[in-house]
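Coordinate inspection notes
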Amino acid sequence: MNAWNNQNARGLANLFVDDGEQIGFDGSQSIGPDEISEHLAPIFEHHRTAQFVSKVKSIRFLSHDITILRAIAGMVPPGQSDLNPSVNTHHTLVTQEIEGSWKIKLFQNTPAQFHGRPELVEQMTEELRQLL
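These numbers were taken from a predicted model, which means no experiment stands behind them.

**Section: unusual backbone geometry**
- The backbone of Q7 sits at a positive phi, close to 50°, despite the residue not being glycine.
- Within the secondary structure, Q7 sits in the loop between α1 (2-5) and α2 (9-13).
- Positive phi values are uncommon outside glycine, yet F114 reaches one of about 45°.
- Counting through the fold element by element, F114 comes out in the loop between β6 (101-111) and α4 (118-129).

If you want it as structure tokens, here you go:
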């Protein structure tokens, strides 16, 4: 979240293993730190991106060195102080410890639109607002 919020494409990309994958909010896929950085750099160069606010919901160890982390996240648009509920998301990360450092194998950013269930959108938004 810090690398995104500081618009640091290379810093974010370096959190991934060599063959790590990022699947974005729009379904775009980037593989490996170089491709991830190349995908994010123009976004950061041409847009002031919204700031993420996130809450870890669970971390499950699949083995001593592999985890699945699940979080919820919201975004505060530039110049505003409240979340935009239409871009709430679920974040899923598969991480691996390599030589004492945790790296991302897979990051998936899934829209949390809850079609036809606006009360769930509001529930998630309120949970994230508590972190502002």
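**Description of the pairing of strand β4 (residues 66-76)**
- Buried residues dominate β4, accounting for nine of its eleven residues.
- Strand direction decides the pairing type here: strand β3 (residues 51-63) and β4, joined by eleven bridges, are antiparallel. Counted as the bridge partner of S58 is R70 from β4.
- Between β3 and β4, which pair antiparallel and follow one another directly, the connecting turn spans two residues.
- Where β4 lies against strand β5 (residues 89-98), eight bridges are found, and the strand directions are antiparallel. Among the inter-strand pairings, R70 is bridged to a residue of β5, identified as T92.

**Quick look at the layout of surface pockets**
- Here the largest pocket defines a volume of roughly 820 Å³.
- Taken together, 35 residues line the largest pocket, and the ones lying closest to its centre are M1, L12, F52, H91 and F107.
- For the lining of the largest pocket, the secondary structure elements donating two or more residues are α1, β1 (16-23), α3 (33-46), β3, β4, β5 and β6.
- Split into classes, the residues belonging to the lining of the largest pocket amount to 22 nonpolar, twelve polar and one charged.

**Re the sheet that holds β4**
- Ordered in space as β2-β1-β6-β5-β4-β3, the six strands form an open sheet in which the pairing is mixed. Where the open sheet ends on each side, the last strands, each with one partner, are β2 (29-31) and β3. Taking the axes of each pair of neighbouring strands and ignoring which way they run, one obtains an average angle of 15° across the sheet.
- In this sheet, β6 lies alongside β5 in antiparallel orientation, the contact comprising ten bridges. Counted as the bridge partner of H91 is N109 from β6.
- Contacts from α3 reach β1 and β2 within the one sheet, and its direction differs from that of β1 by about 40°.

**Digging into the environment of W4**
- By the element assignment, W4 lies in helix α1.
- What makes W4 buried here is its relative accessible area of 16%.
- Sequence separation of W4 and S81 is 77 residues, and the distance between their C-alpha atoms is 17 Å.
- Non-local contacts of W4, meaning those with residues more than four positions away in its chain, are made with L12, L40, F44, T49, A50, F52 and M75.

**Digging into the side chain of T89**
- Of note, T89 is situated in strand β5.
- Since its relative accessible area comes to 1%, T89 is described here as buried.
- Here the side chain of T89 touches N109 through a polar contact of 2.3 Å, side chain to side chain.
- Contact partners of T89, with chain neighbours within four places excluded, come to F25, F52, A71, I72, A73, N109, T110, P111, A112 and M124.

What counts as what
Residues numbered from 1 in each chain as written. Predicted model: local features only at pLDDT ≥ 70, side-chain atom pairs only at ≥ 80, totals over all residues. Heavy atoms only, no water. Helix = DSSP H or I, 4+ residues; strand = E, 2+ residues; numbered from the N terminus. Buried < 20%, exposed > 50% of the residue type's maximum accessible area, 1.4 Å probe, protein only. Pairing = 2+ DSSP bridges. 1 Å grid on protein atoms, 1.4 Å probe; cavity = no way out; pocket = protein on both sides within 12 Å on 5 of 7 lines; lining within 4 Å. Points joined across faces, edges and corners; volume = space filled by probe spheres on them. Nonpolar A, V, L, I, M, F, W, Y, C, P; charged D, E, K, R; others polar. Axes fitted to C-alpha atoms, helices over the stretch in contact; angles between N-to-C directions. Contact = heavy atoms within 4.5 Å. Polar contact = N/O pair within 3.5 Å; in protein donor to acceptor, adjacent residues only side chain to side chain.

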